[in-house]
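The primary structure of each chain is shown beneath.
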Amino acid sequence: MRIPLNRQSHIPLYRQIETFLRQSILSGSLPPDTRLPASRQMAQDLGINRITVENAYAELAADGLIASRVGSGTYVLPPYPLPYLTGDAHSVPWPLWQQEMHFRNESAKKTLPDEMLKAAGHPDPISLAEGIGDSQLFPVKDFRKAIQSVLLSGDVATLEYGESNGYGPLRSTIAHILASQGLSARPENVIITSGSQQALALVSHLLLKPGDAILVESPTYSGALDLFRSLDLKIAGIPVDEDGMRVEMLERLLQQHHPKLIYSIPNFHNPTGVCMSSQRRRRLIALADGYNIPILEDDFVGDLRYEGRTQPALKSLDPGGRVIYISTFSKMLMPGLRIGFLVAEGPVYDSLVAFKQTYDLATSNLIQRSLEAYVTVGRYQTHLRRSCQIYRKRRDALLLAIHRHLPANAHIVPPQGGLFAWLHLPAHLLADDLLPLACQEGVSFAPGRNFFPEPPIDASGLRLNFVAQTPERIDEGIRRLGKAIRRLSLQP
Ligand code: PMP
């Protein structure tokens, strides 16, 4: 075997031999079961002392790369079979700490409808379960140009962490967009976050401790419930009807649970698609103020309105500092940006910025600057108008398809905007029972159970996404859903 040795180097010869052999084994040029020359032979070939070769072999043997077989010689060993690399997860037991661990987010792990849909193996699956808009509408080309322009600008600050509260010019743009929607916010009250999910996490981590109560709409966004559960919060639900949170029940719940925070999605609520009436919004603000409880307003798709009158944001009714507002570019532009933001006033703002710094130092500076290069208020409004036009047609397609393909006693509240509609199955049918049949027919939806913080659960409710598919596919998806409902109704 020829091993290039540098006798002038300060690196000892045994180390040079070891490094050469190690690289050859790891790169595969010395495959498993290759017999290495006997140390005496190798020493002769290289014109060195046998001990030097033995030292090199000993290092490799200690690392499990080679082993000597009695009477036969020294051989390259096969790579150590790490269970997670071979995919054979159960051949070697996990370390004890992993076996003993009770993971706090156990409840967050559930089978996702789209995984079930995939597993059902339909040749042309249609997902109505997703939580996002149509990826075909994402302004990819323009955004690519924006990223290029930022990278080519030569501004080294782009490559640094940037401010923890977010890139100043993007905070100004956000303030302008909010102003165009009737919410006045100053850039210095905006914090840019890694998606609005992080904004939710920052606010709840900062304001609540394990055991504290939080009041949420019931049903509500399942990702928020997972977060609140992971923080060991007590979650109390307020029912929702066609006008949003049933605020008339709020005072009793405030007295009963003494919550430290009220979390609300007043516009095009996830999962039901309903909007809170403006009367209820005012009552909610007044009650929260009276009981001295902060409100976390999640306005994830507030600007995707297809008809009807815009209601004032809770934040715009807030005389100052009571409401923390969060929103996102995920639904309007692209979820992959991971850009959300929050608006807060008062001492809580600085604490949230400090928390943001603790958690991830700052949101991606490159993406923030690219977004700022892409989003002018005018461009945002143009993109918004186009999306609304397209999504409105899809909403209409959904309503028509429900009328055509579903039994008359399947009930839906027509949404005036947003991404979702909530369907009530005929009373005796359960969404969980329907899902496997629907997946077999080639369509998925989000079953209602995941959205409820506590019983009573509306187990005959389910969420349909009507924006991610074309009108033709929505019609086909609902036709398949109708077939699955008929099959379920016939089951004994
Ligand atoms: N709020 C609601 C109501 C949502 O539905 C979602 C995501 N589906 C989020 C917040 C978080 O979204 P993101 O982190 O992408 O902004």
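Residues numbered from 1 in each chain as written. Predicted model: local features only at pLDDT ≥ 70, side-chain atom pairs only at ≥ 80, totals over all residues. Heavy atoms only, no water.

Novice: Pulling in residues and values, what's your account of the packing of aromatic side chains?
Specialist: Taken as a whole and assessed by the stated rule, the structure comprises nine aromatic pairs. Ring centres 5.6 Å apart and planes at 80 degrees place the aromatic pair Phe 228 and Tyr 263 in the edge-to-face group. Of this pair, Phe 228 sits in helix 10 (residues 222-230) while Tyr 263 sits in strand 9 (residues 261-264); the two residues are 35 residues apart in sequence, bridging distant segments of the chain. Of the two residues examined, Phe 228 and Tyr 263, each falls in the buried class. An aromatic cluster is built from Phe 329, Phe 341 and Tyr 380, whose rings are joined through pairwise contacts. Its end group placed over the ring of Tyr 75, Arg 69 keeps NZ or CZ at 4.0 Å from the ring centre. Looking at Arg 463, its charged tip hangs above the ring of Phe 420, at a distance of 3.9 Å from the centre. (Phe/Tyr/Trp six-rings, centres within 6.5 Å; stacked < 30°, edge-to-face > 60°. Helix = DSSP H or I, 4+ residues; strand = E, 2+ residues; numbered from the N terminus. Buried < 20%, exposed > 50% of the residue type's maximum accessible area, 1.4 Å probe, protein only. Lys NZ or Arg CZ within 6 Å of the ring centre and 35° of its normal.)

Novice: Talk me through the pattern of salt bridges; I want residue IDs and the actual numbers.
Specialist: If you walk through the whole model with that rule in mind, you get 32 salt bridges. For Glu 307, the salt bridge identified is with Arg 395, shortest N-O distance 3.1 Å. Of this pair, Glu 307 sits in the loop between strand 10 (295-298) and helix 13 (314-317) while Arg 395 sits in helix 16 (residues 377-405), and the two are 88 residues apart along the sequence. Since its relative accessible area comes to 30%, Glu 307 is described here as partly exposed. Look at the salt bridges and you will find they share partners, linking Arg 15, Glu 18, Arg 22, Glu 59 and Asp 63 into a network. (Salt bridge = Lys/Arg side-chain N within 4 Å of Asp/Glu carboxyl O.)

Novice: Run through the site of the ligand, naming residues and quoting values.
Specialist: Around the ligand, the surrounding shell consists of Gly 195, Ser 196, Gln 197, Tyr 221, Ile 265, Asn 270, Asp 298, Phe 300, Thr 328, Ser 330, Lys 331 and Arg 338. Ser 330 has a polar side-chain atom sitting 2.6 Å from an oxygen atom of the ligand. Protein contacts shield 92% of the accessible area of the ligand, which totals 400 Å² for the unbound molecule. Cavity membership is defined here by more than half of the atoms lying within 2 Å of grid points; on that basis the ligand lies in the largest pocket. The greatest single-element share of the shell around the ligand, amounting to three residues, is contributed by helix 9 (residues 195-207). Considered class by class, the residues forming the shell around the ligand number three nonpolar, six polar and three charged. (Near = heavy atom within 4 Å. Polar contact = N/O pair within 3.5 Å; in protein donor to acceptor, adjacent residues only side chain to side chain. Areas by Shrake-Rupley, 256 points an atom, 1.4 Å probe, with all protein chains shown as cover. 1 Å grid on protein atoms, 1.4 Å probe; cavity = no way out; pocket = protein on both sides within 12 Å on 5 of 7 lines; lining within 4 Å. Sits in = over half its atoms within 2 Å of the grid points. Nonpolar A, V, L, I, M, F, W, Y, C, P; charged D, E, K, R; others polar.)

Novice: An account of helix 11 (residues 250-257) is requested, with residue identities and associated values reported.
Specialist: Every buried residue of helix 11 is listed here: Leu 250, Leu 253 and Leu 254. One side of helix 11 carries all its buried residues, which in axial view fall inside an arc of 105 degrees. His 258, located one to two residues past helix 11, shows a positive phi value of around 45 degrees. (Arc of directions from axis to C-beta.)

Novice: Could you give me a rundown of the pairing of strand 12 (residues 339-343), with the residues and numbers involved?
Specialist: Counting buried positions along strand 12 gives five out of five residues, so the element sits mostly inside the fold. Burial of strand 12 is two-sided: the residues Ile 339, Phe 341 and Val 343 facing one way and the residues Gly 340 and Leu 342 facing the other way are all buried. Looking at chain direction, strand 5 (residues 190-194) and strand 12 are connected through five bridges and run antiparallel. Opposite Ser 194, over in strand 12, you have Ile 339 as the bridge partner. Pairing between strand 11 (residues 323-328) and strand 12: four bridges, direction antiparallel. (Pairing = 2+ DSSP bridges.)

Novice: Please set out the sheet that holds strand 2 (residues 66-69) residue by residue, giving values where relevant.
Specialist: Read across the open sheet, the three strands follow the order 1-3-2; overall the sheet is antiparallel. At either end of the open sheet lies a strand with only one pairing partner, and these are strand 1 (35-36) and strand 2. The pairing of strand 2 with strand 3 (residues 73-76) spans four bridges and is antiparallel. What sits directly across from Ala 67, in strand 3, is Tyr 75.

It is worth stressing that arrangement in space is one thing and function is another; only the former is reported here.
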